[in-house]
Structures are given as structure tokens and as C-alpha cells.
Amino acid sequence: MAANGLRFTDFYSASPVCSPSRAALLTGRYQTRSGVYPGVFYPGSKGGLPLNETTIAEVLKPLGYATAMVGKWHLGIGANGSFLPVYQGFDHYLGVPYSHDQGPCQNLTCFPPDTKCYGMCDQGAVLLPLFFNNTIIQQPVSFPDLVPHYNKFTTEFITESARKKQPFFLYYASHHTHYPQFASALTAGKSLRGRFGDALMEFDTSVGVILEALEASGIQNNTFVFFTSDNGPELFRMSRGGNAGLLKCGKGTTYEGGMREPAIAYWPGRIQPGVTHELGSTLDLLPTIAALAQAKLPSAQLDGYDMSNILFASQSSMRKTMFYYPVDPSIKLGVFAVRYGKYKAHYYTRGSSHSETTPDHDCHITAGLQAHDPPLLFDLESDPSENYNLMVYDYQPEYDLVLKKIQELKAQFEETMVFGESQIGKGSDHSLEPCCNPQCTPKPACCACIP
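So, a few notes on the structure that sits alongside this text. On a predicted model such as this, the values are computed, not experimentally measured, just so you know.

What counts and how
Residues numbered from 1 in each chain as written. Predicted model: local features only at pLDDT ≥ 70, side-chain atom pairs only at ≥ 80, totals over all residues. Heavy atoms only, no water. Helix = DSSP H or I, 4+ residues; strand = E, 2+ residues; numbered from the N terminus. Rg over C-alpha atoms; globule rule 2.2 N^0.38 Å. Buried < 20%, exposed > 50% of the residue type's maximum accessible area, 1.4 Å probe, protein only. Contact = heavy atoms within 4.5 Å. Areas by Shrake-Rupley, 256 points an atom, 1.4 Å probe, with all protein chains shown as cover. Lys, Arg positive; Asp, Glu negative; His and termini not counted. Charge placed at Lys NZ, Arg CZ, Asp CG, Glu CD. Expected span 1.5 Å × (residues − 1). Pairing = 2+ DSSP bridges. Axes fitted to C-alpha atoms, helices over the stretch in contact; angles between N-to-C directions. Phe/Tyr/Trp six-rings, centres within 6.5 Å; stacked < 30°, edge-to-face > 60°. Salt bridge = Lys/Arg side-chain N within 4 Å of Asp/Glu carboxyl O. Polar contact = N/O pair within 3.5 Å; in protein donor to acceptor, adjacent residues only side chain to side chain.

## Details of the overall build of the protein
Working step 1: A tally of regular secondary structure across the protein gives 10 helices and 15 strands.
Working step 2: Compactness check: the protein gives a C-alpha radius of gyration of 21 Å against a globular reference of 22 Å for 451 residues, within 12% of the reference.
Working step 3: The dimensions of the protein, computed from C-alpha atoms along their principal axes, are 70 × 50 × 45 Å.
Working step 4: Considering the protein as a whole, with its 451 residues, one finds that 59% of them fall into the buried category.
Working step 5: Pairs at least 24 apart in sequence give 68% of the contacts found in the protein among residues at least 6 apart.
Working step 6: Roughly 19000 Å² of accessible area belongs to the protein as shown, and the carbon and sulfur atoms make up 53% of that amount.
Working step 7: Considering the protein, the positive charge centre built from 34 side chains and the negative charge centre built from 41 side chains are found 4 Å apart.

As C-alpha cells, then:
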């Protein structure tokens, strides 16, 4: 896919953690507008992605698209499953509705035949459920069987849609390679990178299954495929947490390692293989897909741009800026950083527990909130690692003009930002945690149903 697709070098998630970044991807709006902040949803969260937000699936449904979501939802469950994907524009949902470390995992098998999951995961919550639509079909989930189950579903969904000649939208949000890693017998013990590599290999295989299904159905030349990630690597997991390469820090931070993501656009015969250095974001997927499908855009204010110029004409991106919000955005502090062209200005910096253990102490939780006046300024083309503040190491008078322009853009953007009611701030209720046997006692231990 990478060899035959268009690879982005400067592509961004809208948040350095998963729930807000997924909200932004599906709606084309910063998470601050939808209220998906601060942090992430938990099994018993009272809130979720508001139902009045319009997802990509809801944009496409009026045009007769079949829609399905597979994998990690992480945008809330709510009372009676009211926030699940089937109530957000998706005909079908097969998956785990939050991160697979958000429930006890120490006694579960992550690799066949009986290698237990590494670590403890979150304690005091229900065992991990597997949903089909709005019904729990397994609890706890069987990790070695999970991706094969997903592969079967995605193949059947693509094949059936092609047979019916019905356009479709498939949102596949893989659990890989989030902690704890797991894999099926197909890849367990097969990589040179240990358990992390086995999980990554299974992920690669699942992408291949989708591409093979498109080819077998004869629709690979009529299908737009986009690959990306939701946030940077969880560096405090060390070898089990991924790697940001030359980018600074990782998950939980507004440094490049927290929000700059791999991305590949793939459409044989339509998108020319190669590399683009144009600016793009997960926010841009909704308007791009809407343009391709000739669908009506939502009436709400969008933060994304149609990427067709980049994808089909090798032209400049309509996106000229990227605004970086922290895990816990606030009206008082506003955006932490702004990218404009090749320049990035940090108004605030802060480390994160997710990026502990790295040699760079700027990444650590002990690196508390620090305001910068004047802002730190980096040239991301020559210094993607954000090592050399131009206002200190290579000051030129022109940089004052750059900062003035960035300040103007920041002010214009923040004037348009209306914070939605915090959904995560509504708190949690253990009675809302998904249980296949809701009348059982004692909870959460009794919530176990294996078919």
C-alpha cells in the first residue's frame, strides 16, 4: 500500500490521545467543538460523541451507502448503548467500544496457545466486551480470535456491497499496536520484533485482507482507501509502546511525536504513488470524502479541508495551518501550538505520563505546564525534532514577522472556537459499564459470557 500509494510526511491528528482524535476524524471538527475532552472515555462514562454531531457515515447514508465500523470505537457507550456506532450513522458495528487496556487483562490470553497478556491493565472495571451492533456477543473478548473475526466480517461486508453494486464506507479502527499487544496463531511468534512485532504483523495482515477483498471483488480501482493513526506512540511502555523516530516526545504531548502521524492515500489508477510534504490532517477526511461522493456537507462549522488538490493534482494543500490542543483544552489557555507552513510556534509546552522513560526530559510528566513569551519557534523542515528554537539559536529579524503572522492566525481561529459541553467531564457511573448479564452479582466480576 505504501509503495503504490501517496505517502504524507506532514499529516496530523487533531489530538495527542484517542477519544478526541477519533471525534475529530469522524466529524471534521476539532474535539473542543463536540465536547470530547478532557482525556478519554472510560467503560462507564456518562457522555459520548453527541448525537447531533454529523459523522462521515451520516454524510454518506443519504446517498445510499452501506456503512460499517470495525474495531475500537472509544467515543462513548452511554445508557443502553446510546452512543454506539449504530446510532451514529453505521449500519453495523463489530468491535470493542474502548481501549483494550481499560479492563483487567492479566488472566487473559493474548498470544496462543496460552501466553497471558503482559501487565495488569485497568482494574476494577468489567472484562473487555465484544459488541456486534448494540449487543455483547463475548465477554471477555478472546484476543487470539479477534482480528480473524474482524477479517471475516470486513471481507464479507466488502464482498456483499460489491455484489449488490452498493457504495460503501468501512471505518476500520484497529486495536494494534496499542498495549497490551496480542495476535492470532497466524502471526504469533513469527516476527523478529517479539510480541510487539507479532501484533504489528497481524495489523499489516489485516490491512492486506481489506486490499485483497477489494481486488477479489473487482472494485480496487473504484475505492478510496486511507491509512493513518490517532496519536503518537506511548513511549513509557518502552519496547512495547512504539517509537516516534526523530520526532520529539509522543502520546499525550503537543510536540510533533504526539500528533504527527503516518498517512497513506491509496487508489490505484487515480492517486499517483509517491510522497507529499503538503500539510494534511484527519480533520480533512470528512470534507474530502464528501467531495468524492458529491455529498452534502454538514451545516456545522468544519475545521477540515478537501484534500483533492493533493491527492489527484499534486497541487498545494488548502490547509495552511494546524492548531495543537492539549489533552485537556481550555478556553483560558487556548491552543498550545500553531503550525504555519514550515514553522511551528509553541505558546505552551508540557510533558505527559504517556511519554515517560525517554532521555528527553521535556517529554516527562515532571515537565509541567510552561508558558512561552515569545513563543518557541521551530523550522520543522530542517528541525523536525524541535531541538533548536530559532529565536535563540539562529535569530533573524524575519522571525518576528513569522510570529506576528502566526499570532494573527491563532487569534482569528480562537475567535471562531466555541467549546461544546465537556462530555468526558460528565463523569462515570459503574452501572453504565457494559455487562452481558446485567442482572448478575457481584459486579464487575460476574460480567462474563462466553458463547
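Right, picking up where we left off after that structure.
## Section: helix α4 (residues 143-163)
Working step 1: If you check α4, its first and last C-alpha atoms are 31 Å apart, about what 21 residues at 1.5 Å a residue would give, namely 30 Å.
Working step 2: Taken as a whole, α4 has its buried residues at F143, P144, L146, V147, Y150, N151, F153, T154, F157, I158, S161 and A162.
Working step 3: On its buried side, α4 packs onto β2 (66-71), β3 (92-95), β4 (109-111), β6 (130-132), β8 (168-173) and α5 (194-216).
Working step 4: Positive phi appears at K165, one or two residues downstream of α4, with a value of about 55°.

## Quick notes on α5
Working step 1: In a regular helix each residue adds 1.5 Å, so 23 residues correspond to 33 Å; α5 covers 32 Å between its end C-alpha atoms and thus fits that length.
Working step 2: The first or second residue beyond α5 is G218, which carries a positive phi of 75°.

## Looking at the sheet that holds strand β9 (residues 225-228)
Working step 1: Read across the open sheet, the 4 strands follow the order β9-β10-β1-β11; overall the sheet is mixed. This sheet does not close on itself; its edge strands, each paired only once, are β9 and β11 (274-281). The mean angle between the axes of side-by-side strands here comes to 25°, regardless of whether they run parallel or antiparallel.
Working step 2: Bridge count between β9 and strand β10 (residues 260-266): 4 bridges; the pairing is antiparallel. Across the sheet, residue T228 finds its bridge partner in β10, namely A263.

## Regarding the packing of aromatic side chains
Working step 1: Inspection of the entire model under this criterion finds 26 aromatic pairs.
Working step 2: Centre to centre, the rings of Y30 and F413 are 5.4 Å apart; their planes meet at 70°, and the pair counts as edge-to-face. Linking Y30 in the loop between α1 (18-27) and α2 (31-34) with F413 in helix α10 (residues 398-416), this pair joins segments that are 383 residues apart in sequence. Comparing Y30 with F413 shows no difference in burial state: the two are buried.
Working step 3: Judged by centre distance (6.3 Å) and plane angle (90°), the rings of Y325 and F419 are edge-to-face.

## What to know about the pairing of β3
On any regular strand, side chains alternate: one points to one face of the sheet, the next to the other face.
Working step 1: With 3 bridges connecting them, β2 and β3 associate as parallel partners. Bridge assignment links V70 to a residue of β3, and that residue is L94.

## Some thoughts on unusual backbone geometry
Working step 1: Y37 connects to P38 through a cis peptide bond whose omega is -10°.
Working step 2: The residue P38 is located in the loop between α2 and α3 (56-60) in this model.
Working step 3: Note that the residue after P112, namely P113, is joined by a cis bond; omega there is 5°.
Working step 4: Within the secondary structure, P113 sits in the loop between β4 and β5 (115-116).
Working step 5: Phi is positive for N80, which is not a glycine, with a value near 60°.

## Describing the sheet that holds strand β15 (residues 370-379)
Working step 1: Reading across from one edge, β12-β13-β14-β15 is the order of the 4 strands in this open sheet, with antiparallel pairing throughout. On the outer flanks of this sheet lie β12 (321-324) and β15, each paired with one strand and no other. Averaged over all pairs of adjacent strands, the angle between their axes in this sheet comes to 10°, without regard to strand direction.
Working step 2: Bridge count for strand β14 (residues 343-349) against β15 is 6 bridges, and the pairing is antiparallel. Across the sheet, the residue bridging to Y348 is A371, located in β15.

## Looking at the pattern of salt bridges
Working step 1: On inspection of all chains with the given rule, the structure shows 23 salt bridges.
Working step 2: Of the charged contacts, one joins K342 and D379 as a salt bridge, the two residues approaching to 3.4 Å between their closest N and O atoms. Note that K342 is positioned in the loop between β13 (337-340) and β14 and D379 in strand β15, a separation of 37 residues in sequence.
Working step 3: Assessed through its relative accessible area of 12%, D379 is described here as buried.

## Notes on the side chain of H74
Working step 1: In this structure, H74 sits in the loop between β2 and β3.
Working step 2: Assessed through its relative accessible area of 0%, H74 is described here as buried.
Working step 3: At 2.8 Å, the side chain of H74 forms a polar contact with the backbone oxygen of F41.
Working step 4: Of the polar contacts made by the side chain of H74, one reaches the side chain of S99; its length is 3.5 Å.

## Overview of the environment of F336
Working step 1: With respect to the secondary-structure elements, F336 resides in the loop between β12 and β13.
Working step 2: Owing to a relative accessible area of 2%, F336 belongs among the buried residues under this scheme.
Working step 3: Each C-alpha atom of the pair F336 and Y348 lies 4.8 Å from the other, and the pair is 12 residues apart in sequence.
Working step 4: If we ignore the near neighbours within four places in the chain, the residues touching F336 are T254, Y324, P326, A345, H346, Y347, Y348, R350 and L369.

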